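Chain and residue survey
Letter by letter, the chains look like this.
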Amino acid sequence: MAISRRILLSGTAAAVAAPALIPSAVFGQDKVIRFTMAQDFTRIYTFVTSEYSQGQRDYFTLVNERGGVNGHRIQADVTDHANDLPRAIEAYERGKREGAVLCDPLSTPVARALVPRALEDKINLVTAFSGRSDAADGTAFPYVLPLSINYWTQAGLIVDHFAKVAGGSLRGKKIVFVHIDTPFGKEPLPILQVLAQRQGFELLPFPYTPPGNDQSAIWPQVRRARPDFVMFWGAGVGQTVAMTEAIRNGLPMDRVSSSVWLSESDMDVVGREAAKGVLKVEPCASGRDPKPIRDILADVIGKGKGAGPEGKVGTAYYNYGVQMAALMVEGVRKAFEKAPNGPVSGAWLNEGLRSITNFTADGMLPPTTVTKEDHQGGGQGRIARWDGAKFVPVTDWFTANQDVVWGEVRKYSDEFRRTGK
């Protein structure tokens, strides 16, 4: 999917090629809350972003069709930054000029580059499943909000699950970590290194060159290492190539786990039956059973107002987009509770986002509480297994290794305070 121009989404979510807008009279000319959604649709994350963005836009449409929030509609500017920093910064600056109070770039290098600007401008930078993990520390990063489990927490959840599978201990075991050689791919290394030292397992990292089209030299080495467990860490094409190579090299898929970046679309590329057993971290429920997804199907898709193919509704990446849109809207709702008359600004929304309490989006998410200290939202996720047709949870929502995670968070956030890096 390519995006070549700006798309404004107001009351009616639009397909990329043909946006449609609710008449401003429905809400009033000035009752708009603007978000900047410049994301990577064409370079590395491609269909990941496409499905994620579709979920976001459909949820905003659902909200706007029901009257918005306090009579205000959510207006999102969706553009393609192609994971290119100059383009992403240009989109951010345009959003700032036009009054955007939130930016969601869905890219680790872009998010890292935007952190100083967001902090100075007081624009809420949402870094769900991207960016820097130490942004969980809201005291150091007041305007940078992951709003969900960061990469260190995801790694901690996977290690905890591996330990349970191994009978309670990983001592003497080997864990291979295959990752894209970018800041995003390297992000879990600090927590994995600490956990390896504490729990007595051997950590074997194998980086690959982005975007990950060719990993043929790595996976035979992984096989020869005879690992007990494998983590693979990428997005888009890197994920499908990694799974294909893991299967080709005979690795047991029920001992192989991804971060959150694995979806039904990846399985369609690899082969749904071939990938059976592979594990992943879930930040929210997949499928069409969650109430927000059922509402979207009835009130958005059913009325011909969807932002993309109906077949993608309920996929993992689509649901991540709904998850984050729901948290953003809950932040708006909480902001209106605190200051009903605004003014709508980054600081106003920041107060709302940092007072989200026990939010589950009608059971779609684990209970999420965001505070001025904890921007991660509590650190709960779960592990799911691909059964050949869908992702099936194999754990309840849980937290794990948060003492280690927060030790690392504070170490790196303290360094940011000192150096700005």
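Residues numbered from 1 in each chain as written. Predicted model: local features only at pLDDT ≥ 70, side-chain atom pairs only at ≥ 80, totals over all residues. Heavy atoms only, no water.

Examining the packing of helix 2 (residues 85–97) against helix 3 (residues 108–121)
As a reminder, the rule being used: With axes taken as lines fitted to C-alpha atoms, and helix axes fitted only over the stretch in contact, angles between N-to-C directions fall between 0 and 180 degrees. Elements are defined by DSSP. Helices are runs of H or I of four residues or more, strands are runs of E of two residues or more, and each kind is numbered from the N terminus. Roughly parallel means an angle under 35 degrees; roughly antiparallel, over 145; roughly perpendicular, 65 to 115; everything else is oblique. If you view the pair so one helix is near and one far, a crossing is left-handed when the near helix is turned anticlockwise from the far one by less than a right angle, and right-handed when it is turned clockwise. Any two residues whose heavy atoms approach within 4.5 Å at even a single point are treated as in contact. Throughout this entry, Asp, Glu, Lys and Arg are counted as charged residues, while Ala, Val, Leu, Ile, Met, Phe, Trp, Tyr, Cys and Pro are counted as nonpolar. The remaining residues, Gly among them, count as polar.
The geometry of helix 2 relative to helix 3 is characterised by a closest axis approach of 10 Å and an angle of 30 degrees between their N-to-C directions. When the interaxial angle is binned, helix 2 and helix 3 end up roughly parallel. Read as a crossing pair, helix 2 and helix 3 show a hand that is right-handed. For the pair helix 2 and helix 3, contact is made by Leu85, Ala88, Ile89, Tyr92, Glu93 and Lys96 and by Pro109, Val110, Ala113, Leu114, Arg117, Ala118 and Asp121, respectively. Class assignment of the residues belonging to the contact of helix 2 with helix 3 gives a composition of nine nonpolar, no polar and four charged.

Observations regarding the layout of surface pockets
What counts here: Points on a 1 Å grid, built from protein atoms alone, make a cavity when a 1.4 Å probe fits but cannot get out and make a pocket when they are open with protein on both sides within 12 Å along at least 5 of 7 lines; residues with an atom within 4 Å of a point are the lining residues. Grid points are joined across faces, edges and corners, and a volume is the space filled by probe spheres set on the points.
Of the pockets and cavities examined, the largest pocket occupies roughly 220 Å³. If you go around the largest pocket, you meet 15 residues; those closest to its centre are Tyr59, Val63, Val329, Phe359 and Asp362. At the level of secondary structure, the elements contributing two or more residues to the lining of the largest pocket comprise helix 1 (46–65), helix 10 (291–299) and helix 11 (316–338). The dominant element in the lining of the largest pocket, judged by the number of residues it contributes, is helix 11, at four residues. Classifying every residue of the lining of the largest pocket gives nine nonpolar, no polar and six charged.

As for the packing of aromatic side chains
How we decide: Think of it this way: a Phe, Tyr or Trp ring, Trp meaning its six-membered ring, pairs with another when their centres are within 6.5 Å, and the plane angle makes it stacked under 30 degrees, edge-to-face over 60, tilted otherwise. Relative accessibility decides the category of a residue: with a 1.4 Å probe and only protein chains considered, values under 20% of the type maximum give buried, values over 50% give exposed, and everything between is partly exposed. A positively charged side chain is recorded as over a ring if its NZ (Lys) or CZ (Arg) lies within 6 Å of the ring centre. The angle to the ring normal must also be within 35 degrees.
For the coordinates displayed, the defined rule picks out 14 aromatic pairs. Ring geometry for Tyr151 against Phe184: centres 5.1 Å apart, planes inclined by 50 degrees, an arrangement best described as tilted. Of this pair, Tyr151 sits in helix 4 (residues 151–165) while Phe184 sits in helix 5 (residues 183–186), placing them 33 residues apart in sequence. On the basis of relative accessible area, Tyr151 is assigned to the buried category, the value being 2%. Summarising the aromatic geometry, the rings of Phe162 and Phe229 are spaced 4.4 Å apart at their centres and angled 15 degrees between planes, so their arrangement reads as stacked. On the criterion of sequence distance, the pair formed by Phe162 in helix 4 and Phe229 in strand 9 (residues 229–233) is long-range, its members being 67 residues apart. Through a chain of ring-to-ring contacts, three or more aromatic side chains come together here, namely Phe129, Trp261, Tyr317 and Tyr320. Positioned over the ring face of Phe391 is Lys280, at 4.6 Å from the centre of the ring. Between Arg382 and the ring centre of Trp397, over which it is positioned, the NZ or CZ distance is 4.2 Å.

By themselves these figures say nothing about function.
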